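Remarks on the overall topology
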Amino acid sequence: MKVLGIESSCDETGVAVYDTAIGGADGLRAHAVYSQIALHAEYGGVVPELASRDHVRKLLPLVRQTLAEAGLGTGDLDGVAYTAGPGLVGALLVGAGVARSLAWALDLPAIGVHHMEGHLLAPLMEDDPPQPPFVALLVSGGHTQLVAVDAIGSYRLLGETLDDAAGEAFDKTAKMMGLPYPGGPQLAKLAESGAPGAFRFARPMTDRPGLDFSFSGLKTQVLLAWQKSDRADATRADIARGFEDAVVDTLAIKCERALDAAGCDVLVVAGGVGANRRLRAKLQAMCEQRGGRACFPRPALCTDNGAMIAFAGALRLRAGQHDDDAVRATPRWDMASLPPLAAGRES
Ligand code: ATP
Ligand code: MG
Ligand code: FE
């Protein structure tokens, strides 16, 4: 089954074609992402109306480009998947409108995909994919969640952030230290040249039981250290390293607890912060020590992309699920309310 995937929940326009008949990493026939970073940079954050308008401009050309790269025509497609939520309502409606219109014109089934289910399933697109049950760590710009995955489509929230998401903490901390927008990846790059241990920050909420997170206080701790420092380039790198180590340690401690609680040794990691090299190495080592493994998407598929939407949508369409003809966006949407994959046909 060849499924066109469309992602437009925030500031990336993503389009892909995934073929379940091929499966694995080769099943991804083509994918393209257009990032609006330059558009929003001067405002220091995403401007929702500008995001919607840019999706309008970029989406159809990107669909044409992706189909051409896959060597496919619209007549070769078997279904359309699009991000229905959560995200910015205007941005979501652009993707939903285009996806629904294509599906209607081509007489294909279409399905609205939960953006975080897309992130969560992205590692399963790689070769040698893990099988549920496993524990998933979702670490992105808007979410930090530990999820027990009993089966594909059956998600139980084990813990989540009480304030900032991990990616948000990376971005805000970077901004405080004067790094250009968007700061997360820049801060991670800077941390590579920082001295480990020169600055030590708290590992929030690891001194008590539980699987929730809080990154807002850590951000403030870093701000105070930065303000008190000589603000030299080398100091900034040292602070960046101290911050990254604190976030990575905190995530690793909670992941290990979640694996213990779930009685499981397989961890799936997804979302933009999953591209972080030190986090990948730490979680891999932690899981291997338990005789298990940590599974990540390739770094390009950690941040927003159409491939994860094509893949998640393809699994549901293949199971006979699809939506009705209405153009719907769901800006707030609880992943635990999703139907299990084996739910059978919906109309
Ligand atoms: P959500 O998926 O929760 O709606 P989002 O789609 O904006 O949020 P993603 O695209 O998954 O988030 O990820 C973007 C986030 O990942 C940003 O906060 C960014 O700073 C962070 N990020 C990307 N690369 C790295 C890295 N190497 N190290 C740390 N953070 C990173
Ligand atoms: Mg983004
Ligand atoms: Fe995302």
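All residue numbers here refer to positions counted from 1 along the written sequence of the relevant chain. Lettering of chains starts at A and numbering of ligands starts at 1, both following the order in which they are written. Local features are withheld for residues below a pLDDT of 70 in this predicted model, meaning they are given only at 70 or higher, and side-chain atom pairs are given and counted only at 80 or more; totals for whole chains, interfaces and linings count all residues. As a rule here, side-chain values come from all non-hydrogen atoms in the structure, and water together with hydrogens is ignored.

The name an unreviewed UniProt entry gives the protein is tRNA N6-adenosine threonylcarbamoyltransferase, with Luteimonas lutimaris as the organism. UniProt positions are given in the numbering used here, feature names are shortened, and annotations may be inferred rather than shown by experiment. Recorded in UniProt for the protein, the comment headed Subcellular location (unreviewed entry) runs: "Cytoplasm". Per UniProt, the protein has the following entry under Catalytic activity (unreviewed entry): "L-threonylcarbamoyladenylate + adenosine(37) in tRNA = N(6)-L-threonylcarbamoyladenosine(37) in tRNA + AMP + H(+)".

**Brief notes about the overall build of the protein**
Secondary structure elements follow DSSP: runs of H or I of four or more residues count as helices, runs of E of two or more count as strands, with numbering from the N terminus. Within the protein, the secondary structure is distributed over 10 helices and 10 strands. Relative to the 2.2 N^0.38 estimate, which gives 20 Å for 347 residues, the radius of gyration of the protein is 20 Å and therefore close to what a compact globule would have. In terms of principal-axis extent, the alpha carbons of the protein reach across some 60 × 45 × 30 Å. The buried share among the 347 residues of the protein stands at 54%. The contact criterion used is simple: two residues touch if any of their non-hydrogen atoms lie within 4.5 Å. Partitioning the contacts of the protein with sequence separation of at least 6, the portion at a separation of at least 24 is 72%. Of the roughly 14200 Å² of accessible surface on the protein, 52% is carried by carbon and sulfur atoms. The atom set for the radius of gyration is the C-alpha atoms, and the globule formula is 2.2 Å times the number of residues raised to the power 0.38. For the exposure calls, accessible area comes from a 1.4 Å probe over protein chains only, and a residue counts as buried if that area is under 20% of its type's maximum, exposed if over 50%, partly exposed in between. Computed by Shrake-Rupley with a 1.4 Å probe, the accessible areas treat only the displayed protein chains as cover when residues are assessed.

**Some thoughts on the packing of aromatic side chains**
Here a ring pair, both rings aromatic, is described through the centre-centre distance and the interplanar angle of the planes. Pairs were defined over the aromatic rings of Phe, Tyr and Trp, the Trp ring being its six-membered one, requiring ring centres within 6.5 Å. Orientation was assigned from the angle between planes: stacked under 30 degrees, edge-to-face over 60, tilted for the rest. Under the counting rule described, the total for this entry stands at four aromatic pairs. Seen in terms of ring centroids, Phe170 and Phe243 are 5.0 Å apart; in terms of plane orientation they differ by 80°. Their pairing is edge-to-face. Remark: Phe243 occurs in helix 8 (residues 233-262) and Phe170 occurs in helix 5 (residues 166-176); sequence separation between them is 73 residues. Both residues of the pair, Phe170 and Phe243, count as buried.

**What about the packing of helix 5 against helix 6 (residues 183-191)?**
Fitted lines through C-alpha atoms give the axes, limited to the stretch in contact for helices. The angle between two N-to-C directions lies from 0 to 180 degrees. Packing of helix 5 against helix 6 brings their axes to within 7 Å, and their N-to-C directions diverge by 75°. With respect to helix 6, the element helix 5 is oriented roughly perpendicular. Of the residues in helix 6, those touching helix 5 at Phe170, Asp171, Thr173 and Ala174 are Gly183, Gly184 and Leu187. Grouping the amino acids of the contact of helix 5 with helix 6 by side-chain chemistry returns three nonpolar, three polar and one charged. Note on terminology: angles under 35 degrees are roughly parallel, angles over 145 are roughly antiparallel, angles of 65 to 115 are roughly perpendicular, and the others are oblique. Three classes are used: nonpolar for Ala, Val, Leu, Ile, Met, Phe, Trp, Tyr, Cys and Pro, charged for Asp, Glu, Lys and Arg, and polar for all others, with Gly counted as polar.

**What to know about the site of ligand 1**
Lining the immediate environment of ligand 1, one finds 21 residues, of which Ser140, Gly142, His143, Asp171 and Asp304 sit closest. As used in this structure description, the phrase polar contact means that two N or O atoms lie within 3.5 Å; if the pair is within protein, one of them must be able to donate a hydrogen and the other to accept it, and residues adjacent in sequence are counted only when both atoms belong to side chains. For ligand 1, an oxygen atom lies 3.2 Å from a polar atom in the side chain of His119. Contact distances for ligand 1 include 3.0 Å between an oxygen atom and a backbone N or O atom of Gly141. When the free accessible area of ligand 1 is taken as 640 Å², the share hidden by the protein chains comes to 86%. Going through the elements one at a time, helix 4 (115-121), helix 5 and helix 6 are the ones with two or more residues in the shell around ligand 1. When its residues are assigned to classes, the shell around ligand 1 shows seven nonpolar, 12 polar and two charged. Any residue with a heavy atom lying within 4 Å of a molecule or strand is counted as near it.

**Concerning the coordination of the iron ion (ligand 3)**
For Na, K and Ca the donor cut-off is 3.2 Å; for every other metal, N, O and S atoms count as donors within 2.8 Å. Water does not enter the count, which can leave sites looking incomplete. Protein ligation of the iron ion (ligand 3) involves His115 (NE2), His119 (NE2) and Asp304 (OD), the donor distances falling in the range 2.1 Å. The sequence pattern formed by the donor residues of the iron ion (ligand 3) is H-x3-H-x184-D. On the criterion of sequence distance, the pair formed by His115 in helix 4 and Asp304 in the loop between strand 10 (293-295) and helix 10 (307-318) is long-range, its members being 189 residues apart. Here His115 and Asp304 have matching classes, each one buried.

**Observations concerning the pattern of salt bridges**
We define a salt bridge as a contact between a side-chain nitrogen of Lys or Arg and a carboxyl oxygen of Asp or Glu at a distance within 4 Å. In total, this model carries 24 salt bridges according to the counting rule given. Arg290 serves as the salt-bridge partner of Asp265, at 2.9 Å between the closest nitrogen and oxygen. A residue pair is termed long-range when its members are at least 10 positions apart, and Asp265 in the loop between helix 8 and strand 9 (266-270) and Arg290 in the loop between helix 9 (277-289) and strand 10 qualify at 25 residues. Assessed through its relative accessible area of 30%, Asp265 is described here as partly exposed. On the basis of relative accessibility, which here comes to 22%, the residue Arg290 falls in the partly exposed class. Residues participating in the shared-partner salt-bridge network are Asp164, Glu168, Lys172 and Lys219.

**Quick look at the pairing of strand 5 (residues 110-114)**
For strand 5, the tally of buried residues reaches five of five residues, placing the bulk of the element in the interior. The side-chain alternation of strand 5 yields two buried faces, one formed by Ala110, Gly112 and His114 and the other by Ile111 and Val113. One bridge is not enough; two strands pair if DSSP finds at least two bridges between them. As defined by bridge partners, strand 4 (residues 79-85) adjoins strand 5 across five bridges and the pair is classed as parallel. Bridged to Val80 within strand 5 is Ala110. Crossover strand 4 to strand 5 through helix 3 (residues 89-106) is right-handed. Whether a crossover is right-handed depends on one test, that the path from the first strand over the helix to the second runs clockwise when the strands point away from the viewer.

**So, the sheet that holds strand 9**
Taken in spatial order, the five strands of this open sheet run 8-7-6-9-10, and their pairing is mixed. Strands at the two margins of the open sheet, each flanked by one partner only, are strand 8 (154-160) and strand 10. Adjacent strand axes in the sheet meet at a mean angle of 25°, parallel and antiparallel pairs treated alike. The sheet contact formed by strand 6 (residues 134-139) and strand 9 spans four bridges and is parallel. Bridge pairing in strand 9 links Leu137 to Val269. Contacting strand 6, strand 9 and strand 10, helix 9 crosses the sheet at an angle of about 145° to strand 10.

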